[in-house]
Each structure stands twice: as C-alpha cells, then as structure tokens.
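So the chains spell out like this:
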Amino acid sequence: MRKQWIALALVLCLASISRAQTIDLARSRIVDLTHPFNARTLYWPTSPSTFRFDTLAFGVTPAGFFYSAFAFSSPEHGGTHLDAPIHFARSGLTADRIPLEQLIAPAVIIDVTEKANRDADYRLSAEDVRQFEQRHGRIPAGSIVLLRTGWSRRWGDRKAYFGDDTPGDASKLHFPSYGVEAARLLVQERRVAALGADVASIDYGPSTDFAVHQLAAAANVPGLENLT
C-alpha cells in the first residue's frame, strides 16, 4: 500500500521588511519552512503518542472509479507547529483567534549558528539583537523574527536534536534558543508579531520555567517551533 505523508502548510514569504511595499507573489520566492509529518517526526519527549496515519480507502471502488481517503492524528507539540498563546497563558489567544496578519508578515532572520556550534545551550541575547540591528536596521513592529541555529540539520536524530533521547524525560535536553532578555526586547519593545526557531522550543533545552514562552504568551505573541 502506498504511503502518503501530511506536511503542515506553513510558508512564509521572505520579502522586504518594508510594511508599505506590496508583495508581488509572481516575483517573490515562497519558502516552505516545515518538516514533514510522518513516522520520523520528532515530538516533545513527554508526549504520550506520536504521528498516526491510517488508510481509510485507496483503490478502485465496486462502482468502478478510483477513491482515496486517509485519517491522521498527532499531538500538538511535535513537528513544525505553532504554539498559540494559550499554551502558556490562561487568557491567551487560541490558534483560531490569532489574526492572520500576525502570521503573514515580513520575516527577520537572526543567525546564531556559529555561537550555537560552540555552545549547545546558547541563548540569543539582547546584545545579539542590538548588534543585528546595527548591521541591518531596527527590527520593525509586526515582523516575524526567526532564529537560525543550524539545528534543523539534526532533524530525524532524536539525541542530536534534543541533546538527549531518554524516553519520557524532558529534564536532560540541550539545544539553543531565545534568551529571556532578547525575547523581552523583541516582544515588549520591538512588538514583533511572532517568534520562530529551528529548534524544538522558543526556550532553550535546559529551561525549567519556560520564561520565553511565558513572556511571549502574556503578550499574545505565538511561537513557531521546529522550523527548517
């Protein structure tokens, strides 16, 4: 039986950060930043289940025509996904209430690959953000900040990606992400629309208080995790 996999249709148009510019999709490059959902999809270590894909029908029916239908299920926090603010804020927005213009916006990519290579627990600092702005200009309000650590190349290898592969245990993880002071600068001062990262969380691996999640959720800023 042929296997088909479902991919999350999350795409971001990487265009000019000028809010006034009209984006011409015919001349823009659309980049898919998602990992596919399949049997190899990585989930948060404490997830009670993983991706499931069932074939309901695939073939020629008794009436003579071809018909296919499938069913899939998945925990929320695995693969490329969005953390709605309600994930860490009781009164935060649910996914269906997040304004679309908050999810379709100019992207700003901050690259800390070299620093993450030297320190698996590296956290983006406020100084990193300021240095980025010295080179590229102030990060505009309403933009989506994407943190590039280089970790997506580890996708598929649970131990390399999470820093640990102990079943059911999330207490020994090691991967880079946002630091809370950088997140505070981006969320409260720059008023960005969303925070994204090519790692499993917008908090770094050893975090126990998930301070970045708490800060972002309190401001109704969603997180995009496991980007590629």
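Refer to the preceding data block for the structure.
Since the structure is predicted, the reported quantities are computational estimates derived from the model, not experimental observations.

Visitor: Report on the overall build of the protein, specifying residues and quantitative values.
Guide: Scanning the protein for helices and strands turns up 5 helices and 13 strands. By the compact-globule yardstick of 17 Å for 228 residues, the protein fits well, its C-alpha radius of gyration being 19 Å. Across its three principal axes, the protein shows a C-alpha extent of roughly 65 × 45 × 35 Å. Looking at the protein residue by residue over its 228 residues, the buried ones come to 44%. Element-wise, carbon and sulfur atoms account for 51% of the exposed surface of the protein, whose accessible area totals about 12,300 Å². Computing the positive centroid from 24 side-chain charges and the negative centroid from 24, the protein places the two 3 Å apart.

Visitor: Give me the sheet that holds strand β7 (residues 81-83): which residues, what numbers.
Guide: Taken together, the 5 strands give an open sheet; going across it, the order is β7-β13-β12-β10-β8, and neighbouring strands pair in mixed fashion. Two strands close off the open sheet at either side, each with one partner strand: β7 and β8 (107-111). Recorded for the sheet is a direction-independent mean angle of 20° between the axes of neighbouring strands. Examined bridge by bridge, β8 and strand β10 (residues 144-148) share 5 bridges and lie parallel to one another. Counterpart to Ala-107 in the pairing with β10 is Ile-144.

Visitor: Account for a nonpolar patch on the surface, with residues named and values stated.
Guide: A cluster of nonpolar side chains, Ile-23, Leu-25 and Ile-30, forms an exposed patch at the surface whose accessible area comes to about 280 Å². The topology assignment puts Ile-30 in strand β3 (residues 30-32).

Reading guide: rules and limits
Residues numbered from 1 in each chain as written. Predicted model: local features only at pLDDT ≥ 70, side-chain atom pairs only at ≥ 80, totals over all residues. Heavy atoms only, no water. Helix = DSSP H or I, 4+ residues; strand = E, 2+ residues; numbered from the N terminus. Rg over C-alpha atoms; globule rule 2.2 N^0.38 Å. Buried < 20%, exposed > 50% of the residue type's maximum accessible area, 1.4 Å probe, protein only. Areas by Shrake-Rupley, 256 points an atom, 1.4 Å probe, with all protein chains shown as cover. Lys, Arg positive; Asp, Glu negative; His and termini not counted. Charge placed at Lys NZ, Arg CZ, Asp CG, Glu CD. Pairing = 2+ DSSP bridges. Axes fitted to C-alpha atoms, helices over the stretch in contact; angles between N-to-C directions. Patch = residues over 30% accessible without salt bridge, like charges linked within 9 Å, V, L, I, M, F, W, Y side chains within 5 Å. Salt bridge = Lys/Arg side-chain N within 4 Å of Asp/Glu carboxyl O.

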